[in-house]
Every structure is written in structure tokens, then in C-alpha cells.
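Each chain, letter by letter, is given below.
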Amino acid sequence: MPKGGFAGRRLRRNGAGWARILALFTSMGSNREQDEAFMGIALEEAHAAAREGEVPVGAVLVKDGLMLARDHNRSIALKDPTAHAEILVLRKGGEVLRNYRLVGTVLYVTAEPCPMCAAAMVHGRVARLVFGTLEPKLGAVESRFRLLDQGVMNHRIVVEKEVREEECAEVLKAFFASRRRKERT
């Protein structure tokens, strides 16, 4: 739990403890049906990426139950190594909210974010991350790195994993299997 700092002093003065605030926030954003519905939209985006020859990852940014942005990996199409689905929706979210701080938002993504995307979420102050499947090579939440663990970064993001995991994993497996078949011929 955070110690000191302006926010900590203000919360203590108002009689609210960090544990109570975190518990309240976590219970507000844990609607499994809503998570699965928004992950379904992210999966649609992942399929669009696969059709375009991009690594099939899709993302959706939501605030107060309303979708702010949706997109998929477009690094090849945009000739931009940073054009990951997460980065694209964070950019669009900033435009919609007219602020680079995306306070109170939830990011849905079909695969565990990489270090670049995890850091962008922290800098944007995303409140919650919901992802589908682990990414063993570059996953920055649990698989390879743990950048969102308490104390590693300066902002804490509540994480929910393995939402529609099998579907999210299958999109990636099918894509890479197809690429390997094409490389052999």
C-alpha cells in the first residue's frame, strides 16, 4: 500500500483507507459478463488483424461501460513498430477524453501486453487491464516480466487475466501455424 505522498495524506484526512478504496474499485469493475462482451469485441479486432497479415491481437478501451476505442495490431500496415493494438486504443482514448491521463478506463486485450504497452498503460493511468491469454515470449504482466506488480511502476493497475482465454489463444496459434505452413512451401 502506498505510504505518504499527497494522495495518501488526503485519503487519511478524509478517513478512507487505501485497502477500502482498492476493494471498492475492484468490486466495481469485475463484472465477468461485461468483461467477456468487451473481450468479444477485442477478438473481432484480432481476427481483423489476422486477415490483414498482422499478429492477431485486438484491444478495446472502455470507460464507465462505454467503448472509447477499438483497434488491432497494425505495425505492418502503418510501418510503425509501436502500432500495437493497445497503443492505438490508448492514443484514440486520449483523443476522445482530450487528456493523456486515461483515469478510470479499462483496457481489454486478447493477449498479455508487452513491456512497451504495459509502460504506456501505466503512464496513461489505466485503471484496469483485462487480458485473454498469456504471452510467454514477451508478456510483461505475468509471463516474462512483472512490470505491473506492486512497487515496480509508479501506478497500480488492477489486472484480470484469462478472460475467454481459449479463444484468444486459438487466434494466435492458428495465425502462427498458418505462417509456418507458408514458410515451408
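**Some remarks on the overall build of the protein chain**
1) Next: A count of helical and extended segments in the protein chain gives seven helices and five strands.
2) Next: Reading the protein chain from its N end, one meets helices and strands in the order α-α-α-β-β-α-α-β-α-β-β-α.
3) Next: As displayed, the protein chain has an accessible area near 10500 Å², and 55% of this comes from carbon and sulfur atoms.

**Focus: the pattern of salt bridges**
Once the charged atoms of two side chains with opposite charge are near each other, the side chains can pair.
1) Next: Tallied over the entire structure, the rule returns 10 salt bridges.
2) Next: Salt-bridge contacts for Arg32 lead to Glu36; the nearest nitrogen and oxygen are separated by 3.3 Å. With Arg32 and Glu36 both in helix H3 (residues 32-51) and four residues apart, the pair spans about one turn of that helix.
3) Next: A relative accessible area of 37% means that Arg32 is categorised as partly exposed.
4) Next: For Glu36, a relative accessible area of 33% puts it in the partly exposed group.
5) Next: One salt bridge connects Asp35 with Arg128, and the closest N-O pair in it is separated by 2.7 Å.

**Section: helix H7 (residues 165-184)**
1) Next: Its 20 residues place the ends of H7 29 Å apart at the C-alpha level, agreeing with the 28 Å of an ideal helix rising 1.5 Å per residue.
2) Next: Cys168, Ala169, Val171, Leu172 and Phe175 are the residues of H7 that are buried. All buried residues of H7 fall inside an arc of 155° around its axis, so they share one side. Residues of H7 that are exposed and point more than 90 degrees away from the buried face comprise Glu166, Lys173 and Arg184.
3) Next: Summarising the contacts, the buried residues of H7 are in contact with H3, strand S3 (105-111) and strand S4 (128-133).

**Quick notes on a positive patch on the surface**
1) Next: On the surface, a cluster of positive charge is made up of Lys137, Arg179, Arg180, Arg181, Lys182 and Arg184.
2) Next: Tracing the backbone shows Arg184 in helix H7.
3) Next: For Arg184, a relative accessible area of 66% corresponds to the exposed category.

**A short note on the sheet that holds S3**
1) Next: Pairing within the open sheet is mixed, and its five strands lie in the order S2-S1-S3-S4-S5. Each edge of the open sheet is held by one strand with a lone partner, namely strand S2 (66-72) and strand S5 (158-160). Here the average twist between neighbouring strands, direction ignored, is 15°.
2) Next: Judged from the three bridges that link them, S4 and S5 form a sheet pairing that is parallel. When the sheet's bridge partners are listed, Arg128 is paired in S5 with Val158.

**Some remarks on the layout of surface pockets**
1) Next: Approximately 630 Å³ is the volume found for the second largest pocket.
2) Next: Around the second largest pocket, the lining comprises 25 residues; the ones closest to its centre are Val55, Val57, Glu135, Leu172 and Phe176.
3) Next: Counting only elements with at least two residues in the lining of the second largest pocket, the list comes to helix H4 (75-78) and H7.
4) Next: For the lining of the second largest pocket, the element with the highest residue contribution is H7, accounting for five residues.

Parameters and conventions
- Residues numbered from 1 in each chain as written.
- Predicted model: local features only at pLDDT ≥ 70, side-chain atom pairs only at ≥ 80, totals over all residues.
- Heavy atoms only, no water.
- Helix = DSSP H or I, 4+ residues; strand = E, 2+ residues; numbered from the N terminus.
- Areas by Shrake-Rupley, 256 points an atom, 1.4 Å probe, with all protein chains shown as cover.
- Salt bridge = Lys/Arg side-chain N within 4 Å of Asp/Glu carboxyl O.
- Buried < 20%, exposed > 50% of the residue type's maximum accessible area, 1.4 Å probe, protein only.
- Expected span 1.5 Å × (residues − 1).
- Arc of directions from axis to C-beta.
- Contact = heavy atoms within 4.5 Å.
- Patch = residues over 30% accessible without salt bridge, like charges linked within 9 Å, V, L, I, M, F, W, Y side chains within 5 Å.
- Lys, Arg positive; Asp, Glu negative; His and termini not counted.
- Charge placed at Lys NZ, Arg CZ, Asp CG, Glu CD.
- Pairing = 2+ DSSP bridges.
- Axes fitted to C-alpha atoms, helices over the stretch in contact; angles between N-to-C directions.
- 1 Å grid on protein atoms, 1.4 Å probe; cavity = no way out; pocket = protein on both sides within 12 Å on 5 of 7 lines; lining within 4 Å.
- Points joined across faces, edges and corners; volume = space filled by probe spheres on them.

Scope: geometric values only; no functional claims are made or implied.
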